[in-house]
Amino acid sequence: MVEMTTMMDANGVYMEQEEEWEREGLLDPAWEKQQRKTFTAWCNSHLRKAGTGIDNIEDDFRNGLKLMLLLEVISGETLPKPDRGKMRFHKIANVNKALDFIASKGVKLVSIGAEEIVDGNTKMTLGMIWTIILRFAIQDISVEEMTAKEGLLLWCQRKTAPYKNVNVQNFHLSFKDGLAFCALIHRHRPDLIPNYNQLSKDNPLENLNLAFDVAEKYLDIPRMLDPEDLCNSAMPDERAIMTYVSSYYHCFAGKIKAETAANRICKVLKVNQENERLMEEYERLASDLLEWIKRTLPWLESRQTDNSLAGVQKKLDEYRQYRRKHKPPRVEQKAKLETNFNTLQTKLRLSNRPAYMPTEGKMVSDIANAWKGLEGCEKSFEEWLLSEMMRLERLDHLAQKFKHKSDIHQGWTQGKEEMLSSQDFRSCRLPELKALKKKHEAFESDLAAHQDRVEQIAAIAQELNALDYHDTASVNARCQLICDQWDRLGSLTQSRRQALEEAERVLEKIDQLHLEFAKRAAPFNNWLDGAREDLVDMFIVHTMEEIQGLLDAHEQFKATLGEADKEYQSIVGLVQQVESIAGQHSIPGGLDNPYTSLTAKDITSKWAEVRQLVPQRDGTLQAELRKQQNNELMRRQFAEKANSVGPWIERQMDAVASIAMGMQGSLEDQLVRLKEYEQNVYAYKSHMEELEKLNQGIQESMVFENRYTQYTMETLRVGWEQLLTSINRNINEVENQILTRDSKGITQEQLNEFRSSFNHFDKNRVGHLKPDEYKSCLVSLGYSLGKDKQGDIDFQRIMAIVDPNNSGYVLFDAFLDFMTRESTDSDTAEQVIDSFRILAGDKPYILPDELRRELPPDQAEYCIQRMQPYKGPDGIPDALDYMSFSTALYGESDL
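Residues numbered from 1 in each chain as written. Predicted model: local features only at pLDDT ≥ 70, side-chain atom pairs only at ≥ 80, totals over all residues. Heavy atoms only, no water.

Draft legend 1. Focus on the UniProt feature "domain: Calponin-homology (CH)" (unreviewed entry) in the protein chain. UniProt tags residues 33–137 and 146–253 as "domain: Calponin-homology (CH)" (unreviewed entry). Spanning residues 146–253, this segment combines 55% helix with 0% strand, and its end C-alpha atoms are found 17 Å apart. (UniProt positions renumbered as here; feature names shortened; annotations may be inferred. Helix = DSSP H or I, 4+ residues; strand = E, 2+ residues; numbered from the N terminus.)

If you want it as structure tokens, here you go:
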């Protein structure tokens, strides 16, 4: 028995175990014929390099000389000097030297002796040649760490995959129709078989001759197989076909190597181009968002209005439009910006690139600070609008009150200056003079009673000035006019009193009845004026307590009407007594009251007006009561809805935070749950819209406080936006963790272990670790970090890896990347340089034409535009420096 067992070469690659050969007759005659012809052609393809060849494979190797020469040619090494004698022992010695050389290459030959080769044993000689072919022609074939035979078969399958009429499954029947050989040639050199599509399985002999002729003529591959033998054999010899196919492999090996190098470069450049696209998109989104915030802030910070209620209401409507239509797209843009930034940093870490640092002013922290400032301006702007509406409403009320009191006062003072300046008393008789004096005293009493009204008018004008009323000029002018007139009335009153007292010494008669009427009618008239003024006085209330206070005060006023009626009857009785006395004694002008201009008709008219105004005031107060009851109902409706929505948002936030801890199922399960929560949140949006409608109704009704709930619309909006942001951020973090897990091949158990350690030290459940917490976590996982200076240096080096942006904390993604980075098989600058060197044919530079020939058009132009000119002494025109370009891909660069 001749047995070739499993063998391991110097590179640790196992050879395929061959079946056993028997010494006598077990080799199929057809196979033996095919092997003899194939192996002879294969040996001659190498021996011709030494200027010789063989005709009979079992005879020409018997003396060992050509066998040793064959081994020297295919190995490139020198064997021991052969024995030149023609004796049998000389031949055996030469064959043994050849067999020893084969054994030195890691091939263990079992039961193949030199004597059998010297004796011309065909089976043993073919077995030996097959062993040499395996070792020097097939064993070096490596495809995806498979055995040589499997690798060669996989190479054939991949190269012929685009050809529908070729299906390579083995090294015998799959090559029988010749199409597989033609496909291998056409795949690498389509110009040699331009009419491949016209070939047919029905013409195997024609196909085989075509392939063998083309290979021999243009590829320098000798005809090792006989087409007729292949067609006539039921099962062609596998070894013969493998030997011939290996010649194809080695012929095209250079192109395979170039394709591998080109694929590696394409992969690296594609990663770099995608990273650049993400960087440019981040810069664009960040610039757009910051510019929008910059444009919006002046509007929110502006406090300019036309000082009118309608103008402020218009601004409030504009702000609501901004909250509903303009800001939501920006919230989504901010979430997308953060998602893109996290995805970019994850891809940079996984591709062994340095962390991305945005341009100054466009860091994530800068955007977060700008967004926080925007939210602060929104809150203060809305608060200012509401307070401004309250202020202007009060101003409008005060202005109307000022006008009403001023109209009453100026109506009362009309003609008073002319009266006080009159000299009518000089032509009066004594009774008339007495009457004028009493009338003047009554006027002084009336004047004193009006002092409070003048002070009220001045106080209202002062308050309008303090509250910046828009028409303060006309208010101040009218107030000054009233005050100046009041001062003149005081001076004129004092002057007239002095004149009457001067004349009193002559005129002493007094009409007590008129005087009594004047004294009692004047204050009652003032009371009537005050009552009328109070009954038509305008008011503004915001609560049930305030309207209830007005109702109680009105009820108290109605309780005094009985006593007022008695006073009215008494005063009217005085007039009736005057009329009776004047009629009885026929006193000229006796009905004229010299002490007052008031008449019973005036008092009666005002009293009737007061009694008519009382029920009207009842109706006004009751209408306001119903309005406040409706406001109270709106408060309760908003509170009921807010007390439902607020806790719901808080529960969702807690649930999302719980999922973010990463201990509930696999990452895919967490991602599904997070997306379910996202869908639920968007489905719940109708409740927020309902609250917005309720809030709008409350604001339009001027309701500014709600004691039935702790939630405001602003706090609910902020909570809603925070919930959306938290869900989007956690979805992005889980997707990045899946990307890291799949890229580095870690198991779910390992991921859970890392998450458990991370959560243990994340005491506050904030989703990141401070430097001291992270250091404790590393120590707990077995990292040796001393408490000396060297330990601090080692820890700072680790922090530079996991926190390249110096944010002051470590996220779980960076922690996971650091814990698993040792197991990652990523490209390096040296590997890319080696790939470019292959494309350049071992030159230290590369030409644009070489790049365009080996790389896709877009990536070739990408390299040409970014590579620096080669400056070495052996450079030629247009030479490019691929080494500095490859180094820049993995270091700090503008790429």
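On we go from here.
Draft legend 2. Structural view of unusual backbone geometry. In this model, N806 sits at a positive phi of 55°, which is unusual for a non-glycine residue. Inspection of the secondary structure puts N806 in the loop between α28 (789–802) and β2 (810–811). N806 sits in the exposed class, given a relative accessible area of 67%. Phi at D878 is positive, roughly 70°, even though this residue is not glycine. Under the relative-accessibility criterion, D878 is labelled exposed at 60%. (Buried < 20%, exposed > 50% of the residue type's maximum accessible area, 1.4 Å probe, protein only.)

Draft legend 3. Quick peek at the packing of aromatic side chains. Overall, the coordinates contain 31 aromatic pairs when judged by the stated rule. Their ring planes at 10° and their centres at 6.0 Å tell us that F171 and F175 sit as a pair that is stacked. Given the relative accessible area of 1%, F171 is considered buried. Centre to centre, the rings of W299 and F381 are 5.3 Å apart; their planes meet at 45°, and the pair counts as tilted. Placement of W299 in helix α12 (residues 253–301) and of F381 in helix α14 (residues 364–413) is noted, with a sequence separation of 82 residues between them. Look at F381 and you get buried, because its relative accessible area is 0%. Through a chain of ring-to-ring contacts, three or more aromatic side chains come together here, namely W292, W299, Y319, Y322, W371, F381 and W384. (Phe/Tyr/Trp six-rings, centres within 6.5 Å; stacked < 30°, edge-to-face > 60°.)

Draft legend 4. Highlighting helix α30 (residues 829–839). Turning to α30, its buried residues are A829, V832, I833, S835, F836 and L839. The arc that holds every buried residue of α30, seen down its axis, measures 160°, which confines them to one face. A positive backbone phi angle near 70° is found at G841, which sits one or two residues after α30. (Arc of directions from axis to C-beta.)

Draft legend 5. Seen up close, the packing of helix α26 (residues 748–761) against helix α27 (residues 771–780). Following both chains from N to C, one finds α26 and α27 inclined at 135°, their axes separated by 9 Å at the closest point. What the angle tells us is that α26 and α27 run oblique. Seen from above, α26 lies across α27 with right-handed handedness. Of α27, the residues touching α26 (which contributes S757, F758 and F761) are E773, S776, C777 and S780. In terms of residue class, the contact of α26 with α27 is made up of three nonpolar, three polar and one charged. (Axes fitted to C-alpha atoms, helices over the stretch in contact; angles between N-to-C directions. Parallel < 35°, antiparallel > 145°, perpendicular 65-115°, else oblique. Left-handed = near helix turned anticlockwise from the far one by under 90°. Contact = heavy atoms within 4.5 Å. Nonpolar A, V, L, I, M, F, W, Y, C, P; charged D, E, K, R; others polar.)

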